[in-house]
Amino acid sequence: MQLKTYKDIDIANPAPPYFQVDDSQRIRFGWTVLEENPGMLKRIFESLKLEKQIAVDCTFLSAYESEGFKRKETLHLGRKFVITNWKENKIWSDDLECTCVYTTITNLTSESLYRYMLALMRGYQRQLHICFYNETYLLYTSSDVLDIVSTESNISILKEVFKEYYDKYHEEEKR
């Protein structure tokens, strides 16, 4: 079973969303670059047109279960988000040999998402592998990167606006 978040992205896939799409549909920022350039995260959010009233959903790995044993991740997401609607999906992982519990929370505000990202950047929030998404974008955060997945036209605009700052390490060579 696949747990899709945005378009064909499968969060249960061991590969991060960034590697599940073509280079023309992704852009990556290192947290260190965002830390070194105050205001850049805000400019990224403005470029994404994530106004305060825009709702986003998120999905993340919240627990592992195996033969009566359950290990929950300590998330503290309630500190940054008003959580009113969530559901859990359990998916068996052959790689981990356990059942992974993925939680999806709907209707989070983009304003609270921005505050969460600021807390990540400043080290005040525990790092998770978590996807935030709406019909236009998927944002994936981990301990060292912020990945954005979208249409080719949206990503090309972001790559032009932030050409000096985004991570080009995994970019495919232009032929």
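Quick summary incoming for the structure in this document. (Residues numbered from 1 in each chain as written. Predicted model: local features only at pLDDT ≥ 70, side-chain atom pairs only at ≥ 80, totals over all residues. Heavy atoms only, no water.)

### Concerning the pairing of strand 6 (residues 130–133)
Side chains I130 and F132 of strand 6 all project onto a buried face; the interleaved residues C131 and Y133 project onto the opposite face, where all are buried too. By the bridge criterion, four bridges tie strand 6 to strand 7 (residues 138–141) in an arrangement that is antiparallel. Looking across to strand 7, one finds that F132 is bridged to L139. Between strand 6 and strand 7, which pair antiparallel one after the other, the connecting turn spans four residues. (Buried < 20%, exposed > 50% of the residue type's maximum accessible area, 1.4 Å probe, protein only. Helix = DSSP H or I, 4+ residues; strand = E, 2+ residues; numbered from the N terminus. Pairing = 2+ DSSP bridges.)

### Things to note about the environment of Y116
Examined against the element boundaries, Y116 turns out to sit in helix 3 (residues 110–122). The class for Y116 is buried, based on a relative accessible area of 0%. Along the primary structure Y116 and D95 are separated by 21 residues, whereas in three dimensions their C-alpha atoms are 30 Å apart.

### Regarding the nonpolar core
Counting 35 residues, the largest nonpolar core has F29, L34, L77, M117, F132, L139 and I148 as the members making the most contacts within it. Among the elements that line this core, the one with the most residues is helix 3, at six residues. (Core = buried A, V, L, I, M, F, W, Y, C linked by side-chain atoms within 4.5 Å.)

### Some details on empty space enclosed by the protein
Over the atoms a probe the size of a water molecule is rolled, and this reveals where empty space is left. With the rule as written, the count across this model stands at one cavity of 30 Å³ or more. There is about 40 Å³ of room inside the largest cavity. Taken together, L50, V56, L113, F132, Y133, N134, Y137 and L139 form the lining of the largest cavity. Along the lines of polarity and charge, the residues of the lining of the largest cavity split into seven nonpolar, one polar and no charged. (1 Å grid on protein atoms, 1.4 Å probe; cavity = no way out; pocket = protein on both sides within 12 Å on 5 of 7 lines; lining within 4 Å. Points joined across faces, edges and corners; volume = space filled by probe spheres on them. Nonpolar A, V, L, I, M, F, W, Y, C, P; charged D, E, K, R; others polar.)

### As for the pattern of salt bridges
Enumeration over the complete set of coordinates arrives at seven salt bridges. Residues K90 and E65 are paired through a salt bridge, measuring 3.3 Å at the closest nitrogen-oxygen approach. Placement of K90 in strand 4 (residues 86–93) and of E65 in strand 2 (residues 55–66) is noted, with a sequence separation of 25 residues between them. Accessibility expressed as a relative area gives 17% for E65, which makes it buried. Between R115 and E111 there is a salt bridge; the shortest N-O distance is 3.9 Å. Separated by four residues within a single helix, R115 and E111 lie in helix 3, roughly one turn from each other. One salt-bridge network, in which partners are shared between bridges, spans D23, R26 and K159. (Salt bridge = Lys/Arg side-chain N within 4 Å of Asp/Glu carboxyl O.)

### Considering the packing of helix 2 (residues 40–47) against helix 3
Two numbers describe how helix 2 lies on helix 3: the axes approach to 11 Å, and their chain directions differ by 150°. Our classification of the angle between helix 2 and helix 3 gives roughly antiparallel. Like other packed secondary-structure pairs, helix 2 and helix 3 cross with a definite hand, here right-handed. The segment helix 2 lies against helix 3, with L41, K42 and F45 engaging S110, L113, Y114, M117 and L118. Of the residues that constitute the contact of helix 2 with helix 3, the class distribution is six nonpolar, one polar and one charged. (Axes fitted to C-alpha atoms, helices over the stretch in contact; angles between N-to-C directions. Parallel < 35°, antiparallel > 145°, perpendicular 65-115°, else oblique. Left-handed = near helix turned anticlockwise from the far one by under 90°. Contact = heavy atoms within 4.5 Å.)

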